[in-house]
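# Structural description and commentary
So the chains spell out like this:
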Amino acid sequence: MLTDNQASYEPDMAAAIDSEREILADRYGVTLAVASAIIADRRATRYADVAHILGPIIGVLIAAQNPGVMVHALALAAGLDQLNGVHSEAEVARKLNVTRALLSHYVVAWRDLLSGREYSFDVTKFRKRNATRATYAEKTKSPFLAAKAKAMAELNRKRK
(Lines give C-alpha, C1' and ligand atoms only; values in the text may rest on other atoms or scores of the structure.)
Protein backbone atom coordinates (compact mmCIF):
# COMPACT_ATOMS: atom_id res chain seq x y z
CA MET A 1 0.00 0.00 0.00
CA LEU A 2 1.22 3.49 -0.80
CA THR A 3 0.82 4.85 2.74
CA ASP A 4 3.01 2.09 4.25
CA ASN A 5 6.20 3.47 2.72
CA GLN A 6 5.79 7.14 3.51
CA ALA A 7 8.74 8.89 5.12
CA SER A 8 6.77 10.53 7.90
CA TYR A 9 6.83 9.90 11.60
CA GLU A 10 3.72 9.35 13.64
CA PRO A 11 4.40 9.09 17.37
CA ASP A 12 2.84 6.19 19.27
CA MET A 13 0.41 8.08 21.48
CA ALA A 14 -0.56 4.94 23.42
CA ALA A 15 3.05 4.43 24.52
CA ALA A 16 3.14 8.01 25.77
CA ILE A 17 0.07 7.65 27.97
CA ASP A 18 -0.06 3.93 28.90
CA SER A 19 1.37 2.83 32.24
CA GLU A 20 3.93 0.04 32.54
CA ARG A 21 1.18 -2.26 33.76
CA GLU A 22 -0.98 -1.54 30.71
CA ILE A 23 1.91 -2.04 28.31
CA LEU A 24 2.74 -5.43 29.89
CA ALA A 25 -0.91 -6.49 29.80
CA ASP A 26 -1.07 -5.69 26.07
CA ARG A 27 2.29 -7.32 25.28
CA TYR A 28 1.58 -10.60 27.06
CA GLY A 29 -2.20 -10.70 26.63
CA VAL A 30 -2.91 -10.84 30.36
CA THR A 31 -5.16 -8.94 32.74
CA LEU A 32 -4.05 -5.80 34.57
CA ALA A 33 -3.87 -7.78 37.84
CA VAL A 34 -1.50 -10.34 36.29
CA ALA A 35 0.57 -7.52 34.76
CA SER A 36 0.86 -5.96 38.23
CA ALA A 37 2.04 -9.31 39.61
CA ILE A 38 4.65 -9.55 36.82
CA ILE A 39 5.95 -6.07 37.69
CA ALA A 40 6.14 -6.95 41.40
CA ASP A 41 7.97 -10.22 40.63
CA ARG A 42 10.46 -8.48 38.32
CA ARG A 43 11.14 -5.82 40.95
CA ALA A 44 11.67 -8.43 43.69
CA THR A 45 13.98 -10.43 41.43
CA ARG A 46 15.98 -7.31 40.57
CA TYR A 47 16.49 -6.46 44.28
CA ALA A 48 17.40 -10.07 45.08
CA ASP A 49 19.97 -10.05 42.25
CA VAL A 50 21.52 -6.84 43.56
CA ALA A 51 21.73 -8.27 47.09
CA HIS A 52 23.21 -11.47 45.68
CA ILE A 53 25.96 -9.46 43.98
CA LEU A 54 26.61 -6.95 46.77
CA GLY A 55 26.77 -9.54 49.57
CA PRO A 56 30.06 -11.15 48.50
CA ILE A 57 31.56 -7.79 47.55
CA ILE A 58 30.84 -6.25 50.94
CA GLY A 59 32.06 -9.42 52.66
CA VAL A 60 35.40 -9.31 50.84
CA LEU A 61 35.85 -5.60 51.55
CA ILE A 62 35.13 -6.04 55.27
CA ALA A 63 37.59 -8.92 55.56
CA ALA A 64 40.32 -7.26 53.47
CA GLN A 65 43.65 -6.51 55.09
CA ASN A 66 44.17 -3.62 52.68
CA PRO A 67 40.72 -2.27 51.79
CA GLY A 68 42.09 0.68 49.81
CA VAL A 69 43.86 -1.62 47.37
CA MET A 70 40.80 -3.87 47.19
CA VAL A 71 38.50 -0.94 46.33
CA HIS A 72 40.84 0.27 43.59
CA ALA A 73 41.12 -3.29 42.24
CA LEU A 74 37.32 -3.54 42.20
CA ALA A 75 37.13 -0.29 40.25
CA LEU A 76 39.68 -1.59 37.74
CA ALA A 77 37.88 -4.93 37.41
CA ALA A 78 34.60 -3.14 36.74
CA GLY A 79 36.14 -0.69 34.28
CA LEU A 80 35.44 2.31 36.53
CA ASP A 81 39.03 3.50 36.67
CA GLN A 82 38.40 6.37 34.23
CA LEU A 83 36.54 8.18 37.01
CA ASN A 84 39.91 9.03 38.54
CA GLY A 85 41.86 9.57 35.32
CA VAL A 86 43.84 6.35 35.74
CA HIS A 87 45.75 5.07 32.73
CA SER A 88 47.15 1.75 33.95
CA GLU A 89 47.31 -0.73 36.80
CA ALA A 90 50.96 0.23 37.31
CA GLU A 91 49.92 3.85 37.90
CA VAL A 92 47.40 2.80 40.55
CA ALA A 93 49.93 0.47 42.17
CA ARG A 94 52.51 3.26 42.44
CA LYS A 95 49.90 5.57 43.96
CA LEU A 96 48.99 2.92 46.57
CA ASN A 97 52.61 1.91 47.18
CA VAL A 98 52.03 -1.75 46.27
CA THR A 99 53.31 -3.94 43.47
CA ARG A 100 51.48 -4.13 40.17
CA ALA A 101 51.41 -7.91 40.57
CA LEU A 102 49.49 -7.61 43.86
CA LEU A 103 46.99 -5.20 42.35
CA SER A 104 46.61 -7.42 39.28
CA HIS A 105 46.01 -10.43 41.54
CA TYR A 106 43.19 -8.58 43.28
CA VAL A 107 41.71 -7.40 39.96
CA VAL A 108 41.60 -10.99 38.68
CA ALA A 109 40.03 -12.14 41.97
CA TRP A 110 37.33 -9.45 41.66
CA ARG A 111 36.69 -10.43 38.06
CA ASP A 112 36.26 -14.05 39.12
CA LEU A 113 33.87 -13.04 41.89
CA LEU A 114 31.81 -10.73 39.68
CA SER A 115 31.57 -13.24 36.85
CA GLY A 116 30.81 -16.27 38.98
CA ARG A 117 33.74 -17.84 37.12
CA GLU A 118 31.49 -18.11 34.06
CA TYR A 119 33.47 -15.26 32.50
CA SER A 120 30.36 -13.44 31.39
CA PHE A 121 31.75 -10.36 33.17
CA ASP A 122 34.90 -9.42 31.28
CA VAL A 123 36.23 -5.87 31.21
CA THR A 124 39.34 -5.80 29.03
CA LYS A 125 40.40 -2.20 29.41
CA PHE A 126 43.83 -2.99 30.93
CA ARG A 127 43.73 -6.76 30.77
CA LYS A 128 43.47 -9.67 28.40
CA ARG A 129 40.21 -11.58 28.10
CA ASN A 130 39.37 -14.09 30.83
CA ALA A 131 39.55 -16.93 28.30
CA THR A 132 43.23 -16.10 27.77
CA ARG A 133 44.01 -17.20 31.32
CA ALA A 134 43.18 -20.80 30.39
CA THR A 135 45.57 -20.61 27.44
CA TYR A 136 48.43 -19.35 29.63
CA ALA A 137 47.68 -21.97 32.30
CA GLU A 138 47.85 -24.71 29.67
CA LYS A 139 51.19 -23.42 28.37
CA THR A 140 52.74 -23.67 31.85
CA LYS A 141 52.10 -27.43 31.76
CA SER A 142 54.31 -28.07 28.71
CA PRO A 143 57.08 -30.71 29.01
CA PHE A 144 59.65 -28.16 27.81
CA LEU A 145 58.86 -25.76 30.66
CA ALA A 146 58.86 -28.61 33.19
CA ALA A 147 62.31 -29.74 31.98
CA LYS A 148 63.57 -26.15 32.07
CA ALA A 149 62.32 -25.67 35.64
CA LYS A 150 63.96 -28.94 36.69
CA ALA A 151 67.27 -27.89 35.10
CA MET A 152 67.13 -24.46 36.78
CA ALA A 153 66.43 -26.09 40.16
CA GLU A 154 69.39 -28.45 39.66
CA LEU A 155 71.64 -25.53 38.67
CA ASN A 156 70.58 -23.52 41.72
CA ARG A 157 71.16 -26.55 43.97
CA LYS A 158 74.72 -26.96 42.63
CA ARG A 159 75.51 -23.27 43.18
CA LYS A 160 74.74 -23.53 46.89
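Overview of the structure. What you see is a predicted model, and the numbers here were worked out from it, not measured in a lab.

## Regarding the pattern of salt bridges
Counted by the stated rule, this structure contains three salt bridges. For Glu20, the salt bridge identified is with Arg42, shortest N-O distance 3.8 Å. With Glu20 in helix 2 (residues 20-28) and Arg42 in helix 3 (residues 32-63), this pair connects stretches of sequence that are 22 residues apart. Classification of Arg42 as partly exposed rests on a relative accessible area of 41%. Between Glu154 and Arg157 there is a salt bridge whose closest N-O contact spans 2.3 Å. Of the two residues, Glu154 and Arg157 both sit in helix 8 (residues 143-159), three residues apart, roughly one turn of that helix. A relative accessible area of 31% places Glu154 in the partly exposed class. Overall, Arg157 belongs to the exposed group, its relative accessible area being 54%.

## Some details on the packing of helix 3 against helix 4 (residues 67-77)
Where helix 3 meets helix 4, the closest approach of the two axes is 8 Å, and the angle between their N-to-C directions is 150 degrees. Considering the angle they form, helix 3 stands roughly antiparallel to helix 4. Along its contact with helix 3, which presents Ile57, Val60 and Leu61, the element helix 4 presents Pro67, Met70, Val71 and Leu74. Counted by class, the contact of helix 3 with helix 4 contains seven nonpolar, no polar and no charged residues.

## So, unusual backbone geometry
Its identity as a non-glycine residue notwithstanding, Asn97 has a phi of 60 degrees, on the positive side. Mapped onto the elements, Asn97 comes out in the loop between helix 5 (89-96) and helix 6 (100-115).

## As for helix 5
Buried residues of helix 5: Glu89, Val92 and Ala93, and no others. With its buried residues spanning 100 degrees around the axis, helix 5 presents them on a single face. Away from its buried face, by an angle of more than 90 degrees, helix 5 presents the exposed residues Arg94 and Lys95. For helix 5, the elements touching its buried residues are helix 4 and helix 6. Where helix 5 ends, the next residue or the one after it, Asn97, has phi of about 60 degrees, a positive value.

Calculation criteria
Residues numbered from 1 in each chain as written. Predicted model: local features only at pLDDT ≥ 70, side-chain atom pairs only at ≥ 80, totals over all residues. Heavy atoms only, no water. Salt bridge = Lys/Arg side-chain N within 4 Å of Asp/Glu carboxyl O. Helix = DSSP H or I, 4+ residues; strand = E, 2+ residues; numbered from the N terminus. Buried < 20%, exposed > 50% of the residue type's maximum accessible area, 1.4 Å probe, protein only. Axes fitted to C-alpha atoms, helices over the stretch in contact; angles between N-to-C directions. Parallel < 35°, antiparallel > 145°, perpendicular 65-115°, else oblique. Contact = heavy atoms within 4.5 Å. Nonpolar A, V, L, I, M, F, W, Y, C, P; charged D, E, K, R; others polar. Arc of directions from axis to C-beta.

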